[in-house]
Structures are given as structure tokens and as C-alpha cells.
Amino acid sequence: MSLQYLSDENGHIVAVQVPIKDWETLLSKYPEIEVPTLDLPDWQKELIDSRLKAIEENPDRLLQIDSLLAELDRSQE
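Residues numbered from 1 in each chain as written. Predicted model: local features only at pLDDT ≥ 70, side-chain atom pairs only at ≥ 80, totals over all residues. Heavy atoms only, no water.

Participant: Hey, could you run me through the overall build of the protein in this one?
Facilitator: Looking only at helices and strands, the protein features 3 helices and 2 strands. Listed by position from the N terminus, the elements making up the protein come as β-β-α-α-α. Based on the C-alpha atoms only, the size of the protein along its principal axes is roughly 50 × 35 × 20 Å. Burial analysis of the protein (77 residues in total) assigns 0% to the buried set. At a minimum sequence separation of 6, the contacts of the protein that also span at least 24 residues come to 3%. (Helix = DSSP H or I, 4+ residues; strand = E, 2+ residues; numbered from the N terminus. Buried < 20%, exposed > 50% of the residue type's maximum accessible area, 1.4 Å probe, protein only. Contact = heavy atoms within 4.5 Å.)

Participant: How should I be thinking about the pairing of strand E2 (residues 13-17) in this particular structure?
Facilitator: Every other side chain in a regular strand lies on the same face of the sheet, so the side chains alternate between the two faces. In terms of strand pairing, strand E1 (residues 4-7) meets E2 through 4 bridges, oriented antiparallel. Looking at E2, one finds that Tyr5 is bridged to Val16. Connecting E1 to the next strand, E2, in antiparallel fashion are 5 residues, including Gly11 with a positive phi near 85°. (Pairing = 2+ DSSP bridges.)

Participant: How should the pattern of salt bridges be read in this particular structure?
Facilitator: Using the criterion set out here, one finds 2 salt bridges in the structure. A salt bridge links Glu57 to Lys53; its shortest N-O distance comes to 3.9 Å. Residue Glu57 and its partner Lys53 are located together in helix H2 (residues 42-57), separated by 4 residues, close to a single helical turn. Taking relative accessible area as the criterion, Lys53 reaches 52% and is therefore assigned exposed. (Salt bridge = Lys/Arg side-chain N within 4 Å of Asp/Glu carboxyl O.)

Shown next as C-alpha cells:
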């Protein structure tokens, strides 16, 4: 199993990622493992829908991630 460890800015491990195939194997071997569901509240679904509609109506407002990260870097200087 090839695990990946995620650490915070201080180097402390905060999460472990398991490849999906290994996760599926674990689930089939241990069916008692509870898999959490990601059921969003209605207000979050409505917010996502309204943002997606705004993007569809005006796609030019979307920024590339590189531009956003550069802007964030400038704001921290």
C-alpha cells in the first residue's frame, strides 16, 4: 500500500491518503468500516447552484488559479 502523508506548516502529520484501489480493498475486507456521507445542507447546495449559474452567465469573471495565487502572494507582502 502506497500511503501519502499530509502535514501542516509546522511539519505535523494531519492526514493520510490511501489510494482508492487500496481503500476499496479495505472496504471489501472490512465491511464494518463506516464510510461517511457528504450530505450538504440545502443552503450550501443553493449557494453552489447560484455560483455555478453566475459563472455560466459571466465566465470572464473566472480567474485562472495562477492569477489568484499571485494575487494572494502580493497581498501578503
